[in-house]
Amino acid sequence: MTWALADQLDVVARAPGELLDRLGPDTRRTVIVLPDVRSEDVAEFAGKLAGLAHLRLIVEARTGTAPHEALTGRGWAELDLDLEQWTDPQRFEEWGAAHPPTFGVDATA
C-alpha cells in the first residue's frame, strides 16, 4: 500500500515512515482515500497521516473491527452508513425525485 500511495503522490517511499517523511515537507493539499481498511496497522498509519495539516483523509472501516476501534475517539468526523437516515428507501426516493439526473440527451435540441 505504501509504495502505491507514494507513486500516486509522485514521491518515492518504500515504508510508511519514509512516506510520512516525504509528505511532511510537501505541502500540496491532498485528499487520500483508504477504502475498506482491514488492518490495525493501516488504521494507525492513517492516524499519522492525519497529523499532516495539508492532508485530508477519508478512511472506511467496518464498525466493531480493530481498525475502526483504532480510528475511533480521535475527534474525527464519523459517518455511520448503517444508520437508518442513510438507508431509508423512502427518503432516497424523495431525494431522487428532487434531484433528477442531468446527463443524457437534451430533449430541446
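Calculation criteria
Per chain, residues are indexed from 1 in the order of the written sequence. Under the rules for a predicted model, residues below a pLDDT of 70 receive no local features and side-chain atom pairs below 80 are neither given nor counted, while totals for whole chains, interfaces and linings still include all residues. As a rule here, side-chain values cover all heavy atoms of the structure and leave hydrogens and water aside. Within this scheme, the nonpolar core is defined by two criteria: the residues are buried Ala, Val, Leu, Ile, Met, Phe, Trp, Tyr or Cys, and they are joined through side-chain atoms within 4.5 Å. Classification of residues uses two cut-offs on accessible area relative to the type maximum, computed with a 1.4 Å probe and protein chains only: under 20% is buried, over 50% is exposed, and between them is partly exposed. The helix and strand labels rest on DSSP assignments: H or I over at least four residues marks a helix, E over at least two residues marks a strand, and numbering proceeds from the N terminus. Working rule for contacts: check all heavy atoms of both residues, and any pair within 4.5 Å makes them a contact.

(A) Region of the structure containing the nonpolar core. If you look at the biggest cluster of nonpolar residues, it comprises 20 residues, and the most contacted ones within it are Leu5, Leu19, Leu23, Ile32 and Leu49. Among the secondary structure elements, those contributing two or more residues to this core are α1 (2–8), α2 (16–23), β1 (30–34), α3 (40–49) and α4 (66–71). Per element, the largest residue contribution to this core is four residues, and it comes from α3. In this structure Leu23 touches Leu9, Val11, Leu49, Leu52, His54 and Leu55, once residues within four positions along its chain are discounted.

(B) Structural view of the environment of Thr63. Structurally, the position occupied by Thr63 is in the loop between β2 (55–59) and α4. Under the relative-accessibility criterion, Thr63 is labelled exposed at 52%. Residues Thr63 and Asp80 lie 17 residues apart in sequence; the distance between their C-alpha atoms is 8.1 Å. Setting aside residues up to four positions removed in sequence, Thr63 forms contacts with His68, Asp80 and Asp82.

By themselves, these figures tell us nothing about what the structure is for.
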